[in-house]
Amino acid sequence: MRNLRRIREMSPHSKLLAVVKANAYGHGLYPVAAALNDDADAFAVSRIEEALSLRNQGISKPVVLLEGFFNASDVELVSRYDLYTAVHDLTQAYSIADAKLKKPVHCWVQVDIGMHRLGSCDLNEIAKIKKILEDSPNTYKPLGLISHLSVADTPSELVYNEIQQDNFFRIAEELDFKGDLSLGNSAGICKWKRSHTTWVRPGIIMYGISPFEDKTGADLGLEPVMTLKASLIAVHHIKKGDKVGYGAAYVAPHDTVLGVISAGYGDGYPRTAPNGTPVYINGRRVPTAGHVCMDMMFVDLGPDSKDQIGDSAVLWGKELPVEVVASCCGTIPYELVCRIMPRVNTEYESN
């Protein structure tokens, strides 16, 4: 909730469409939505299964399908559960117009402004989609307009960022979209004030994580929501030259104390983590040593280690930003938090 308040400070004139797709970026779909229900203006998901899960658990605020629906038969569900849907092509538009519905559906026409993922960039096609939907009794009016910034997290792409925003507002004006606009994503909220339309869509920043490679969430005034912890379950004194783990991927450079931690790629920690990826334990960062196993991982605790079996190790969290771990692993923090496995015990604290 503190992060949502910070996001409102960044975009004070926009409504907040809180993005909780992909199990709320690994944080728990319903627990996150329930915690934010009084603060967010609406929720965004990727797939209809996520939307129905929220509805069936009592979330009554608007829920937006960012990818739209995948099958024509889903239109009835969009209507019945009072969902908002993106409409990115003619097939979807016709599916809505041809459906037999008891009540209309809320639509945002999705357009391509430079990412080339969903939506059209052709004004004629967009106009046709708009007309089909506007002429249909199956839609609420006016229609909204939605798109996505592909390089908002890349400030060096200044010109392309401006081009994409130009494209969006040009489409809105030339085709006379009178409904709500939604453009700004997490990076847009932080960096591109022009993208602060009627609705902005905080995603990764809502969880206290930076969308930028050179910053952490703390740099943006955010607090990490997830802390991934595991226990120290074994301690070994090893000699210089001892080989550790599968493939002997780590060779001790000196006499040291090796720790075994109860987490591995079966829990969602990346096997790609190279030697030296930091882990936080007892007030300091120690390096990983050797390949991450399915259920365990090694750390070099150092020759002067006083660590004890049962001590807690933070794999990422407030003490060790997930952005730092992701950088070591050659990936992005989004991937790390989204891949936490179901067997990991989850505890929620209110803030």
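One can find the structure itself at the top, above this paragraph.
Overview of the structure. This structure is a prediction, so every number in the text was calculated from the model and none was measured.

So, how was this worked out
- All residue numbers here refer to positions counted from 1 along the written sequence of the relevant chain.
- Where local features are concerned, this predicted model is filtered to residues with pLDDT of at least 70; where side-chain atom pairs are given and counted, the filter is 80 or more; whole-chain, interface and lining totals use all residues.
- Calculation of side-chain values draws on the structure's entire complement of heavy atoms; hydrogens and water are dropped beforehand.
- Working definition: a ring pair exists when centres of Phe, Tyr or Trp rings (six-membered ring for Trp) sit within 6.5 Å. Plane angles under 30 degrees give stacked, over 60 give edge-to-face, the rest tilted.
- Going along the chain from the N terminus, every DSSP run of H or I of four or more residues is numbered as a helix, and every run of E of two or more is numbered as a strand.
- Burial classes follow relative accessibility: with a 1.4 Å probe on protein chains only, a residue under 20% of its type's maximum area counts as buried, one over 50% as exposed, and anything between as partly exposed.
- We call a charge positioned above a ring when the Lys NZ or Arg CZ atom is no farther than 6 Å from the ring centre and deviates by at most 35 degrees from the ring normal.
- When DSSP finds two or more bridges between a pair of strands, those strands are recorded as paired.
- With axes taken as lines fitted to C-alpha atoms, and helix axes fitted only over the stretch in contact, angles between N-to-C directions fall between 0 and 180 degrees.

**Things to note about the packing of aromatic side chains**
- Here the structure, examined in full by the defined rule, presents 6 aromatic pairs.
- Residues tyrosine 25 and tyrosine 334 carry aromatic rings whose centres are separated by 6.4 Å and whose planes lie at 40 degrees to one another, so their mutual orientation is tilted. Placement of the pair is tyrosine 25 in helix α2 (residues 21-25) and tyrosine 334 in helix α11 (residues 333-338), with a sequence separation of 309 residues.
- Judged by relative accessible area, tyrosine 334 falls into the partly exposed class, the value being 26%.
- The side chain of lysine 130 reaches across the aromatic face of phenylalanine 177, ending 5.3 Å from its centre.
- In this structure, lysine 215 is placed above the aromatic ring of phenylalanine 212, and the distance from its NZ or CZ to the ring centre is 5.9 Å.

**Structural notes on the sheet that holds strand β16 (residues 312-316)**
- An order of β14-β13-β16-β9-β12-β15 is seen for the 6 strands of this open sheet, with the pairing classed as antiparallel. At either margin of the open sheet sits one strand with a lone partner, and together these are β14 (284-287) and β15 (297-300). Direction aside, neighbouring strands of the sheet carry axes that sit 40 degrees apart on average.
- As judged from the 4 bridges shared by strand β12 (residues 256-261) and β15, these two strands associate in the antiparallel manner. Within β15, the residue paired with valine 260 across the bridge is phenylalanine 298.

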